[in-house]
Amino acid sequence: MEIKTSEFTLSSPMVSMCPKDNKPEYAFIGRSNVGKSSLINMLCRNKKLAKTSSTPGKTLLINHFIINREWYLVDLPGYGFAKRSKKEVQKLDQMIRGYILEREQLVNVFVLVDVRLEPQAIDLEFINWLGLSSVPFAIVFTKADKLTPTKVKANVAAYEKKMLETWEEMPPYFVTSSEKSQGRDDVLAYIEQITKSLKE
Ligand code: GTP
Ligand code: MG
């Protein structure tokens with residue numbers, strides 16, 4: 001799929017303030033600093049679209065970007081950023097979970113996990129919560145450029161093994177690098193296939 005246009009639409013503190021048109025949307029979620037905003041920029045080939053930072057906690061609102069004037073990519077704040085007060089963590093958690101549960105236009109969530117790390121409890125808990133809430137999702141492994149291909153493979157296999165302790169099968173997953181545009185075609189093809197199926 002070709003991305004012809006990508007434009008920032010709006011930032012919202014809560015789901016009731018998100019865009020009111022009924023276009024399908026795809027959201028990116030994961031721990032702070034995992035690379036959500038960078039992935040959106042990589043997919044759109046537009047480095048200035050979503051704000052990124054080497055310091056965790058950059059994205060603090062629900063950000064909508066309209067693609068080809070047809071569907072949205074949604075950048076969410078990260079979870080699990082330790083250097084925040086309990087109240088702030090709770091507020092962000094409510095924003096994220098409220099959005100995911102209430103947003104009817106949301107057709108798929110991409111859960112981003114850092115391919116360098118062994119499976120993290122916070123990610124597995126979030127994934128299980130999505131499952132219990134019947135929210136369709138795929139896993140996106142990020143920062144693959146930081147490891148050798150062999151190590152990437154081994155870590156993905158270890159993740160799959162961990163997932164299969166609780167899940168019947170591994171959900172769809174993608175190995176990506178925003179630095180190298182790795183995985184771009186596969187993620188876009190996945191989105192395209194879902195968007196098409198909605199029109200049928
Ligand atoms: P929050 O908005 O704080 O939750 O973070 P985020 O998940 O949006 O992460 P962001 O895209 O801002 O990236 C965090 C840091 O990781 C930045 O310094 C990025 O340059 C870096 N980064 C993101 N993706 C990649 C990648 O694929 N490869 C490498 N090498 N660095 C990456
Ligand atoms: Mg961000």
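Description of the structure in this document.

Conventions and cut-offs
Residues numbered from 1 in each chain as written. Chains lettered and ligands numbered in written order. Predicted model: local features only at pLDDT ≥ 70, side-chain atom pairs only at ≥ 80, totals over all residues. Heavy atoms only, no water. Helix = DSSP H or I, 4+ residues; strand = E, 2+ residues; numbered from the N terminus. Rg over C-alpha atoms; globule rule 2.2 N^0.38 Å. Buried < 20%, exposed > 50% of the residue type's maximum accessible area, 1.4 Å probe, protein only. Contact = heavy atoms within 4.5 Å. Areas by Shrake-Rupley, 256 points an atom, 1.4 Å probe, with all protein chains shown as cover. Donors = N, O, S within 2.8 Å, 3.2 Å for Na, K, Ca; no water. Expected span 1.5 Å × (residues − 1). Arc of directions from axis to C-beta. Core = buried A, V, L, I, M, F, W, Y, C linked by side-chain atoms within 4.5 Å.

## Quick notes on the overall build of the chain
And step 1. If you tally the helices and strands in the chain, you get five helices and seven strands.
And step 2. Its C-alpha radius of gyration of 16 Å places the chain within 12% of the 16 Å reference for a compact globule of 200 residues.
And step 3. Each of the three principal axes of the chain carries a C-alpha extent, and together these read 40 × 40 × 35 Å.
And step 4. Buried residues in the chain amount to 48% of all 200 residues.
And step 5. Counting contacts in the chain only where the partners sit at least 6 residues apart, residues at least 24 apart contribute 75% of the total.
And step 6. Carbon together with sulfur atoms contributes 50% to the accessible area of the chain, which is approximately 10,900 Å² in total.

## Some details on the coordination of the magnesium ion (ligand 2)
And step 1. The magnesium ion (ligand 2) binds to the protein through Ser37 (OG) and Thr59 (OG1), with metal-donor distances spanning 2.1 to 2.2 Å. Of this pair, Ser37 sits in helix H1 (residues 36-44) while Thr59 is found in the loop between H1 and strand E3 (62-67), placing the two residues 22 residues apart along the sequence.
And step 2. For Thr59, a relative accessible area of 12% gives the class buried.

## Describing helix H4 (residues 149-163)
And step 1. Taking 1.5 Å of rise per residue, the 15 residues of H4 would be expected to cover 21 Å, and the 21 Å separating its terminal C-alpha atoms lies within 8% of that figure.
And step 2. At its buried positions, H4 is contacted by strand E5 (106-114), helix H3 (121-132), strand E6 (137-142) and strand E7 (173-175).

## Observations concerning helix H5 (residues 184-199)
And step 1. For H5, built from 16 residues, the straight-helix expectation of 22 Å at 1.5 Å per residue is met to within 8% by its first-to-last C-alpha distance of 23 Å.
And step 2. Residues of H5 that are buried: Arg184, Val187, Leu188, Tyr190, Ile191, Ile194 and Thr195. Each buried residue of H5 sits inside an arc of 155 degrees when the element is viewed along its axis, so together they form one side. Of the exposed residues in H5, those oriented more than 90 degrees away from the buried face are Asp185, Gln193 and Lys196.

## Here's the deal with the nonpolar core
And step 1. With 35 residues, the main nonpolar core has Tyr99, Ile100, Leu130 and Ile139 as its most contacted residues.
And step 2. Residue assignment for this core shows that the elements contributing at least two residues are strand E2 (25-30), E3, strand E4 (71-75), helix H2 (86-102), E5, H3, E6 and H4.
And step 3. Among residues more than four places away in sequence, those in contact with Leu130 are Ile100, Val109, Val111, Val135 and Phe137.
And step 4. One finds Phe28, Ile40, Leu49 and Trp71 within the second-largest nonpolar core, a separate group that totals 26 residues.

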